[in-house]
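The chain contents come next:
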Amino acid sequence: MFCFQCQQTAGNKGCVRTGVCGKQPETANLQDTLIRELIGLAIASRQAGVYTDNAKRLLIDGLFTTLTNVNFDNDAIRNFTERVIAERTACGGKEAPDLELWHGETDLVSLRSTLLFGMKGMAAYAHHAFNLGYEDPEVSDWFVKGLCAVAESHTVEEWLALILEFGKINFRCMELLDQANTGSFGTPVPTRVNVDIKAGPFIVVSGHDLDDLSQLLEQTAGTGINIYTHCEMLPAHGYPELKKYPHLAGNFGTAWQSQQKEFADLPAPILFTTNCLMPPRPSYQDRVYTTSVVGYAGLRHIAADANGRKDFTPLIEQARALGGYAHDRSMSGINGGHMLTTGFAHGTVLANAGAILDAIRAGKIRHIFLVGGCDGAHPGRNYYTEFVKQTPMDTLVLTLACGKYRFNDLDLGEIGGFPRIMDMGQCNDAYSAVKVALALADAFGCTVNALPLTLVLSWYEQKAVCILLTLLALGVKNMYLGPTMPAFLSETVVKTLVDAYGLQPTTAPEQDLDAILGRK
Ligand code: SF4
Ligand code: SF3
């Protein structure tokens, strides 16, 4: 096997024996085969001039299947690959190219991998939008273009141009997902979220898919079963059409990398709608369910019917049988027991843009930081906690994605009537941050780069890759990226990004804050 797609890759070079994420060599090889077959289907669709709805879903869901911490189930990956081959054959395609995905000249492998990993991230966003009935042909068509490009030879300049073109398409895809989420569930509003567990049966929902959560809330309404979000599902509490359910009772636990510890004694079933699933421990594996593209051999899987409806009866019955806690249970041992706040997506922030602009003009808000991205187990990730703790009182911190669990229980007070930390949502909501930045730039009549705004990003999986590529494509400069540079970026590619965009690896919180705020 060879895999270097995520931040925790072995030795920051590549996983070759077994994945640090728990992915076994056979699974990694099956995923590579699936990628080759997806490329084969893309080529066949282009040659035939026919791109069926089935082919679209296969390209999108197939790429998402290979994203980090999504699917470890060899049989599921094999079955999916068979469906891809059948579709390719049906549209008259010949065999998939026998492509050496991870071999070749270092810089070219790096650029090809960057595009492929970015497309995996965009596939996740397109998948969620599709589930809610939203599609943009420009986005769907780009999966064909991009996958065909992965199999072709390009110069370094051509690869860079393709990657930036991809970044712009991914921006459209993120906008589409924003339309899908807000169109289906309303504009998020600031919401305080309970982190303790009430007595009685409950179900925990992880991952990013709001449609799955919505279906589960519908099916559990009036049953006496409470629903708790986990990890990236926390921002669901801000959406009016989800928060209207009184049994959406709170949030359990912290970010994904703590699940093996936090799930051990939980008297409730857990549903994984997307990443990040870790190999389950025997202590709780009979309580974990997967759905959609997520899979793990031995875990129960809830499949959708032809209309995308899912029957969550097995979880509901198990929740009843387990019964939950006998008494209300404080979770202060896990996250300090503080209420969490979410729901500061672009709708809310921009509704208050006037007040924010006034505060910036009056010098009450000196600087805005966007500290966001993925969390993970890497020790260097304390950087983000320390960074936020050290931000001066006259600065705002916008955040998104699961990296916020490093600091979202800190009480940093208020500034100009706003909480100093504002949670804009999931990694899927990076669009919100861009929209706010563009609106501020517009109001000040300057570029995003001239704003008193700095992006301090943490990355782990491939959605962070597509977000980074979008930010670069939009010309955003001087971003900080950590806790390490991606192993798949060659020295030359890193140098190009540093020279052209001022992309900086994170160093130490104080040092970076000094540089950003022009101190010393
Ligand atoms: Fe290694 Fe990450 Fe690939 Fe898992 S996804 S095998 S940890 S590089
Ligand atoms: Fe997190 Fe897996 Fe990326 Fe959605 S849940 S941000 S890592």
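Just so you know, these numbers come straight off a predicted model, no measurement behind them.

Draft legend 1. Here's a closer look at the overall build of the protein. Of the regular secondary structure elements, the protein holds 18 helices and 16 strands. Over its C-alpha trace the protein gives a radius of gyration of 22 Å, about what one expects of a compact globule, namely 24 Å for 520 residues. Taking the principal axes of its C-alpha atoms as reference, the protein extends roughly 60 × 60 × 40 Å. Counting every position in the protein, which comprises 520 residues, the buried fraction comes to 62%. In the protein, once contacts between residues fewer than 6 apart in sequence are set aside, the share between residues at least 24 apart is 73%. Approximately 19100 Å² of the protein is accessible, and the part contributed by carbon and sulfur atoms is 51%. For the protein, the distance from the average site of its 42 positive side-chain charges to the average site of its 54 negative ones is 3 Å.

Draft legend 2. Fine view of the site of ligand 2. In the vicinity of ligand 2, the contacting residues are His208, Cys231, Glu232, Trp256, Asn275, Cys276, Cys374, Ala401, Cys402, Cys427, Tyr460 and Glu461. The class makeup of the residues in the shell around ligand 2 is 8 nonpolar, 2 polar and 2 charged.

Draft legend 3. Fine view of the packing of aromatic side chains. Using the criterion set out here, one finds 20 aromatic pairs in the structure. With 5.3 Å between their ring centres and 55 degrees between their planes, Phe72 and Tyr296 make a pair best called tilted. Placement of Phe72 in the loop between α2 (53-65) and α3 (74-90) and of Tyr296 in the loop between β6 (288-291) and β7 (300-302) is noted, with a sequence separation of 224 residues between them. Tyr296 gets classed as partly exposed once you look at its relative accessible area, which sits at 21%. Grouped by ring-pair contacts, the aromatic residues Phe2, Phe4, Trp102, Phe117, Trp459 and Phe488 constitute a single cluster.

Draft legend 4. Quick peek at the packing of helix α5 (residues 137-150) against helix α6 (residues 156-185). One can describe the packing of α5 onto α6 by two numbers: an axis separation of 10 Å at closest approach and a directional angle of 155 degrees. With respect to their mutual orientation, α5 and α6 come out roughly antiparallel. Between α5 and α6 lies a crossing of left-handed hand. Across from Glu138, Val139, Trp142, Lys145, Ala149 and Val150 in α5, the residues of α6 making contact are Trp159, Leu162, Glu165, Phe166, Ile169, Arg172 and Cys173. Each residue belonging to the contact of α5 with α6 can be placed in one class, and the counts come to 9 nonpolar, no polar and 4 charged.

Draft legend 5. Structural detail: the sheet that holds strand β2 (residues 202-206). The parallel open sheet is built from 6 strands, whose spatial order is β4-β3-β2-β5-β6-β7. Each edge of the sheet is formed by a strand with only one pairing partner; in this case those strands are β4 (248-252) and β7. Each adjacent strand pair in this sheet contributes to an overall mean axis angle of 30 degrees, direction not counted. Pairing of β2 with strand β3 (residues 226-230), which is carried by 4 bridges, proceeds in the parallel orientation. For Phe202, the partnering residue across the bridge sits in β3 and is Asn226. Most of the contacts of helix α10 (residues 313-322) go to β2, to which it runs at about 135 degrees, and overall it touches β2, β5 (270-272), β6 and β7.

Draft legend 6. Quick look at the environment of Phe166. Mapped onto the secondary structure, Phe166 falls in helix α6. As for Phe166 and Phe143, which are separated by 23 residues in sequence, their C-alpha atoms are 9.6 Å apart. Not counting residues up to four positions away in its chain, the partners in contact with Phe166 are Leu115, Gly118, Met119, Met122, Trp142, Cys466 and Leu469.

Draft legend 7. Molecular detail of unusual backbone geometry. Following Asn275, the chain continues to Cys276 via a peptide bond in cis, the omega torsion being 15 degrees. Pro483 follows Gly482 through a cis peptide bond whose omega is 0 degrees. Turning to its location among the elements, Pro483 is positioned in the loop between β15 (480-482) and α17 (491-501). Positive phi values are uncommon outside glycine, yet Ser292 reaches one of about 60 degrees. Along the chain, Ser292 turns up in the loop between β6 and β7. Residue classification places Ser292 among the partly exposed positions, given a relative accessible area of 25%.

Reading the values: the criteria
Residues numbered from 1 in each chain as written. Chains lettered and ligands numbered in written order. Predicted model: local features only at pLDDT ≥ 70, side-chain atom pairs only at ≥ 80, totals over all residues. Heavy atoms only, no water. Helix = DSSP H or I, 4+ residues; strand = E, 2+ residues; numbered from the N terminus. Rg over C-alpha atoms; globule rule 2.2 N^0.38 Å. Buried < 20%, exposed > 50% of the residue type's maximum accessible area, 1.4 Å probe, protein only. Contact = heavy atoms within 4.5 Å. Areas by Shrake-Rupley, 256 points an atom, 1.4 Å probe, with all protein chains shown as cover. Lys, Arg positive; Asp, Glu negative; His and termini not counted. Charge placed at Lys NZ, Arg CZ, Asp CG, Glu CD. Near = heavy atom within 4 Å. Nonpolar A, V, L, I, M, F, W, Y, C, P; charged D, E, K, R; others polar. Phe/Tyr/Trp six-rings, centres within 6.5 Å; stacked < 30°, edge-to-face > 60°. Axes fitted to C-alpha atoms, helices over the stretch in contact; angles between N-to-C directions. Parallel < 35°, antiparallel > 145°, perpendicular 65-115°, else oblique. Left-handed = near helix turned anticlockwise from the far one by under 90°. Pairing = 2+ DSSP bridges.

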